[in-house]
Amino acid sequence: MGKSVIVSHVTKKYKMYTKTSEKILDLISPKGVGKSFYALQDVSFDTEEGDVVGIIGVNGSGKSTLSNIIAGVIPPTSGSVKVKGEASLIAIASGLNNQLSGRENIELKCLMLGFNKKEIRELAPSIIEFADIGDFIDQPVKTYSSGMRSRLGFAISIHIDPDILVIDEALSVGDQTFADKCLDKMNEFKKQGKTIFFISHSIGQMKRFCEKALWIQYGKVEDYGMMEDVMPEYERFIKEYKKMSRQEQIEFQEKVRKSRTVNA
Amino acid sequence: MKSAWIVLKEQISSFYLIRRLSLYELKSENNNNYLGMLWEIINPMIQIGIYWLVFGNLMGNHRLVPLSGHRIPYVWWLISGIFVWFFINPSIVTGGRSIYSRIRFIAKMNFPMSTIPSYVIFAKFYQHLTLTAIVMVILQFAGYPVTIKIIQLPYFMFATLAFLISVTLITSTLTTIVRDLQQVLVSIMRMMIYLTPFLWTPDRLPAFLHPIMLANPMYYIAEGYRASLLGLSWYGLDHIKYTVYFWAFVIIAFMFGSMIHLKFRDHFVDYL
């Protein structure tokens, strides 16, 4: 078994401007003006083929940024990501065109992902079956409920048969039966030796499904290892954080935020 | 040079993609209207009517326009040129914002992003073809039947497409980085309709201004369409130097556009 994803020293910096004038100055000055925020700071880890990695961390710790970088949606500021095969991101906002019908969206999405006419014709029926939204498939997506939308998005992303799957909280909108269906499908992927990254705030789902856990804390890797080792640590941290008084929590966050912000 | 080659290859190998995506583009724009795509025809027809009324009738423009040794009534002169503007203007304006308004939807780095402005332009091209057919029918009845010179028309259509793709390659990249440029672009295009002989006839201009007006490549396109539709001259061959200038402009724009497009495209998402 080889390495499927190698993330080495990945850093993602975002510019934070307080005024429009800073924005303009930053564009022309060679050194850059304004504050930068580190969404990710020197993140390194790797995964084997067939790993199912749960990414855990509190809100704003950089989980989604990391998943976007692994899936190749956004480039890292520095560092490198090596991915064996094709990575696919499944997120709640799965980029469907509201004006078009579900069926048209399937073709559109597959075209964008580089499938040809014949492949799309073969894929479409099974996508429609998996999404299971009945007659709505020929209605414009703007009339869909959020659950239907994520069903369709999920069905498309899962059928394009990626080698690496990044699931960013996409399951949290579906109902229990759909979530189970997706978990079945993902177990199938697991057996095929595909690598899956799973982001969810449901600790139960996480424990049941993932073997490994990557704990991202304020843009850095806090811990990476087997789920049963990392998860108790994370739960302990959450408990401690909850025990703090409101004042302490604010001070703690302030401290963290400072450590992630630098000038220019 | 190398980047122009990469972008050109991308355009050619994604031709099927461009065609399909442009159809969806057209569909999603018109799905909300009861008359659907008919508006793509109705709108320009209304505009032609207005321009004809204002510039042709109310302003008393009943003269004959001298063009390549012929004299053309103003109204036919207007119609045979202005419909090209209805293709150029929306292509450049929507082409300019094409990348930053669609990048969220695409959100995948290995998508050939240089095809985004192209498929947006192609979505407008269907309308252009229909309008061309309508204009040809009108001119039949106006006493300008189709002549052998019509075979220039595909060439000028190709020239227009090449011009638009090259220009939007530049503008779509720049507007993604600095969003304000889209507003500048809209203003420039608003001026351009008056700086290109679509509404007024160039013979009214003082002679020294003429070369300056010719520097605008859209002049070439407008005159070329007129020459083919009215059957006046072999415009591209008769003005061979101007043809060379036009293509030099297009090629340089394409090379520059490809260069900056490739330089920035990995970071387009960061500019959102």
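Residues numbered from 1 in each chain as written. Chains lettered and ligands numbered in written order. Predicted model: local features only at pLDDT ≥ 70, side-chain atom pairs only at ≥ 80, totals over all residues. Heavy atoms only, no water.

Caption draft 1: Broad picture of the overall build of chain B. Each helix and strand counted, chain B has twelve helices and two strands in total. Reading chain B from its N terminus to its C terminus gives the helix and strand order α-α-α-β-β-α-α-α-α-α-α-α-α-α. At 19 Å, chain B has a C-alpha radius of gyration in line with the 19 Å of a compact globule built from 272 residues. Projecting the C-alpha coordinates of chain B onto the three principal axes gives extents of approximately 55 × 45 × 35 Å. Summarising the internal contacts of chain B: among those between residues at least 6 apart in sequence, 79% fall at separations of at least 24. When the accessible surface of chain B is summed, it comes to about 12,500 Å², and 70% of that surface belongs to carbon and sulfur atoms. Positive and negative side-chain charges in chain B, numbering 20 and 10 respectively, have mean positions lying 2 Å apart. (Helix = DSSP H or I, 4+ residues; strand = E, 2+ residues; numbered from the N terminus. Rg over C-alpha atoms; globule rule 2.2 N^0.38 Å. Contact = heavy atoms within 4.5 Å. Areas by Shrake-Rupley, 256 points an atom, 1.4 Å probe, with all protein chains shown as cover. Lys, Arg positive; Asp, Glu negative; His and termini not counted. Charge placed at Lys NZ, Arg CZ, Asp CG, Glu CD.)

Caption draft 2: How the structure looks around the interface of chain B and chain A. Of the residues lining the interface, 23 residues belong to chain B; the matching set on chain A comes to 24 residues. Together, the buried faces of chain B and chain A total about 2,200 Å²; carbon and sulfur atoms form 61% of this surface. Here chain B and chain A share two salt bridges between them. The salt bridge partner of Glu104(A) is Lys27(B), with a shortest N-O separation of 2.8 Å. Between the two partners, chain B and chain A, sit three residue pairs in polar contact (both at pLDDT 80 or more). (Buried area = accessible area lost by both parts, 1.4 Å probe. Salt bridge = Lys/Arg side-chain N within 4 Å of Asp/Glu carboxyl O. Polar contact = N/O pair within 3.5 Å; in protein donor to acceptor, adjacent residues only side chain to side chain.)

Caption draft 3: Representation of helix 5 (residues 146-159) of chain A. Residues and elements named next belong to chain A. Along its 14 residues, helix 5 runs 20 Å from first to last C-alpha, staying within 8% of the 20 Å computed at 1.5 Å per residue. Along helix 5, twelve of the 14 residues are buried, which leaves the element largely enclosed by surrounding structure. For helix 5, the complete set of buried residues consists of Gly147, Met148, Ser150, Arg151, Leu152, Gly153, Phe154, Ala155, Ile156, Ser157, Ile158 and His159. In the segment just after helix 5, aspartate 161 is the residue with positive phi, at about 55°. (Expected span 1.5 Å × (residues − 1). Buried < 20%, exposed > 50% of the residue type's maximum accessible area, 1.4 Å probe, protein only.)

Caption draft 4: Looking closely at the environment of Glu223(B). All names here are of chain B. On the secondary structure map, glutamate 223 appears in helix 10 (residues 217-230). A relative accessible area of 9% places glutamate 223 in the buried class. Glutamate 223 sits 207 residues away from tyrosine 16 along the chain, and the two C-alpha atoms are 31 Å apart. A polar contact of 3.0 Å, which involves the side chain of glutamate 223, links it to the side chain of arginine 226.

Caption draft 5: Here's a closer look at the state of the cysteines. Residues and elements named next belong to chain A. Summed over the entire model, instances satisfying the criterion amount to zero disulfides over all chains. This cysteine, cysteine 110, is not joined by any disulfide, and cysteine 182 carries the nearest cysteine sulfur, 17 Å off. For cysteine 110, a relative accessible area of 0% gives the class buried. We note that cysteine 182 lacks a disulfide partner, and the nearest cysteine sulfur, in cysteine 210, lies 14 Å from it. (Disulfide = S-S within 2.5 Å.)

Caption draft 6: Up close: the nonpolar core. If you look at the biggest cluster of nonpolar residues, it comprises 130 residues, and the most contacted ones within it are Leu152(A), Phe154(A), Met186(A), Ile82(B), Trp85(B), Phe163(B) and Tyr225(B). Among the elements that take part in this core, helix 4 (residues 74-96) of chain B stands out by supplying 14 residues, more than any other. Those residues within four positions of Ile82(B) in sequence are excluded, and the remaining contacts are Ile48(B), Tyr51(B), Ile193(B), Phe198(B) and Leu199(B). Judged by nonpolar contacts, the second largest core, of 22 residues, contains Leu66(A), Ile70(A), Ala87(A) and Val269(B). (Core = buried A, V, L, I, M, F, W, Y, C linked by side-chain atoms within 4.5 Å.)

Caption draft 7: Structural context of the sheet that holds strand 10 (residues 261-263) of chain A. Residues and elements named next belong to chain A. Read from one edge of the open sheet, four strands run 4-1-2-10, paired in antiparallel fashion. Pairing within the sheet leaves two strands with one partner each, and these edge strands are strand 4 (78-83) and strand 10. Put simply, the sheet's adjacent strands are angled 30° from each other on average, direction ignored. Looking at chain direction, strand 1 (residues 3-16) and strand 2 (residues 35-48) are connected through ten bridges and run antiparallel. Residue pairing for strand 2: valine 7 is matched across the bridge by phenylalanine 45. Packing of helix 2 (residues 63-70) onto the sheet brings it into contact with strand 1, strand 2 and strand 4, and relative to strand 2 it is tilted by some 60°. Seen against the sheet, helix 9 (residues 246-260) touches strand 2 and strand 10 and runs at an angle of roughly 85° to strand 2. (Pairing = 2+ DSSP bridges. Axes fitted to C-alpha atoms, helices over the stretch in contact; angles between N-to-C directions.)

Caption draft 8: Structural view of the packing of helix 4 of chain B against helix 10 of chain B. Residues and elements named next belong to chain B. Packing of helix 4 against helix 10 brings their axes to within 9 Å, and their N-to-C directions diverge by 135°. In terms of axis orientation, helix 4 runs oblique to helix 10. Considering how the two elements wind past one another, helix 4 and helix 10 form a crossing that is right-handed. Across the interface between the two elements, Trp77, Leu78, Ser80, Gly81, Phe83, Val84, Trp85 and Ile88 of helix 4 pack against Met218, Ile221, Tyr225, Arg226, Leu229 and Leu230 of helix 10. In the contact of helix 4 with helix 10, the residues fall into eleven nonpolar, two polar and one charged. (Parallel < 35°, antiparallel > 145°, perpendicular 65-115°, else oblique. Left-handed = near helix turned anticlockwise from the far one by under 90°. Nonpolar A, V, L, I, M, F, W, Y, C, P; charged D, E, K, R; others polar.)

Caption draft 9: Geometry of the pattern of salt bridges. Residues and elements named next belong to chain B. This structure, assessed with the given rule, holds 14 salt bridges over all chains. With its nearest N and O atoms 2.7 Å apart, the salt bridge here joins arginine 265 to glutamate 10. Here arginine 265, found in the segment after helix 12 (240-264), pairs with glutamate 10, found in helix 1 (residues 2-13); they are 255 residues apart in sequence, far enough to count as distant. Neither arginine 265 nor glutamate 10 differs from the other in exposure class; each is buried. For the salt bridge of arginine 102 with glutamate 25, the shortest nitrogen-to-oxygen distance reads 2.5 Å. One end of the pair, arginine 102, is in helix 5 (residues 98-106); the other, glutamate 25, is in helix 2 (residues 15-30), and 77 residues separate them in sequence. Like arginine 102, the residue glutamate 25 is buried in the burial classification.

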